[in-house]
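# An overview of the molecular structure
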Amino acid sequence: MIVDIRSAPDDPGSPEFSRRRLEDLAADAGIGYRWMGTSLGHGSEADLAGGVEDLIALASISSTVILGREPEASRCRRSIAVAPALQARGVEVIHMLPDGSNRRHESPLPFDQ
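Heads up: these notes are all about the structure in this document. (Residues numbered from 1 in each chain as written. Predicted model: local features only at pLDDT ≥ 70, side-chain atom pairs only at ≥ 80, totals over all residues. Heavy atoms only, no water.)

In this section: the environment of Arg 21. Among the structural elements, Arg 21 can be located in helix α1 (residues 19–28). Distance from Arg 21 to Asp 10, taken between C-alpha atoms, is 9.4 Å for residues 11 residues apart in sequence. Not counting chain neighbours up to four residues away, the residues in contact with Arg 21 comprise Pro 15 and Glu 16. (Helix = DSSP H or I, 4+ residues; strand = E, 2+ residues; numbered from the N terminus. Contact = heavy atoms within 4.5 Å.)

This part takes up the sheet that holds strand β1 (residues 2–4). Spatial strand order, β2-β1-β3: three strands in an open sheet with parallel pairing. Of all strands in the sheet, those bounded by a partner on one side alone are β2 (33–35) and β3 (65–67). Neighbour-to-neighbour, the strand axes of the sheet open up by a mean angle of 25°, direction not taken into account. Across three bridges, the pairing between β1 and β2 is parallel. Residue pairing in the sheet places Val 3 in a bridge with Arg 34 of β2. (Pairing = 2+ DSSP bridges. Axes fitted to C-alpha atoms, helices over the stretch in contact; angles between N-to-C directions.)

For the pair helix α3 (residues 45–59) and helix α4 (residues 77–88), the least separation of the axes is 10 Å and the interaxial angle reads 65°. When the axis of α3 is compared with that of α4, the two are roughly perpendicular. Considering the relative orientation of α3 and α4, their crossing is right-handed. Note on element contacts: α4 touches α3 through Arg 77, Ala 81, Val 82, Ala 85 and Leu 86, opposite Leu 48, Val 52, Leu 55 and Ile 56. Classifying every residue of the contact of α3 with α4 gives eight nonpolar, no polar and one charged. (Parallel < 35°, antiparallel > 145°, perpendicular 65-115°, else oblique. Left-handed = near helix turned anticlockwise from the far one by under 90°. Nonpolar A, V, L, I, M, F, W, Y, C, P; charged D, E, K, R; others polar.)

Our focus in this paragraph is the layout of surface pockets. There is about 860 Å³ of room inside the largest pocket. When residues of the lining of the largest pocket are traced back to their parent elements, those giving at least two are α1, α3, β3, α4 and β4 (94–96). Top contributing element to the lining of the largest pocket by residue count: α4, with four residues. In terms of residue class, the lining of the largest pocket is made up of 24 nonpolar, seven polar and six charged. Roughly 160 Å³ of volume is contained in the second largest pocket. If you go around the second largest pocket, the residues you meet are Ile 5, Arg 6, Ser 7, Ala 8, Gly 41, His 42, Gly 68, Arg 69, Glu 70, Arg 75, Cys 76 and Arg 77. Within the lining of the second largest pocket, the residues separate by chemical class into three nonpolar, four polar and five charged. (1 Å grid on protein atoms, 1.4 Å probe; cavity = no way out; pocket = protein on both sides within 12 Å on 5 of 7 lines; lining within 4 Å. Points joined across faces, edges and corners; volume = space filled by probe spheres on them.)

See the structure below:
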């Protein structure tokens, strides 16, 4: 399952990464796609809490990847708000890095990675 947390998933400057395009690509590959930018993008604390609970429910039935706009995890809402909220609920968070490697979330992530 791909969970897209971008608050504006239809940026005209990046049509190849539009919500509709990703929905289609995911469907063609047999992968689920869900946009949660309202609750996990830049919503209120109450939205974030509800979104995290929804995300945990999704992740309990399917491997789940969180997609954000910022390629560097340490500068993204994925690390600043979502990952700590998931960890507080006992969820292991692993970041996929641009070089193809991965690492467990540590709060806060260093900006030099």
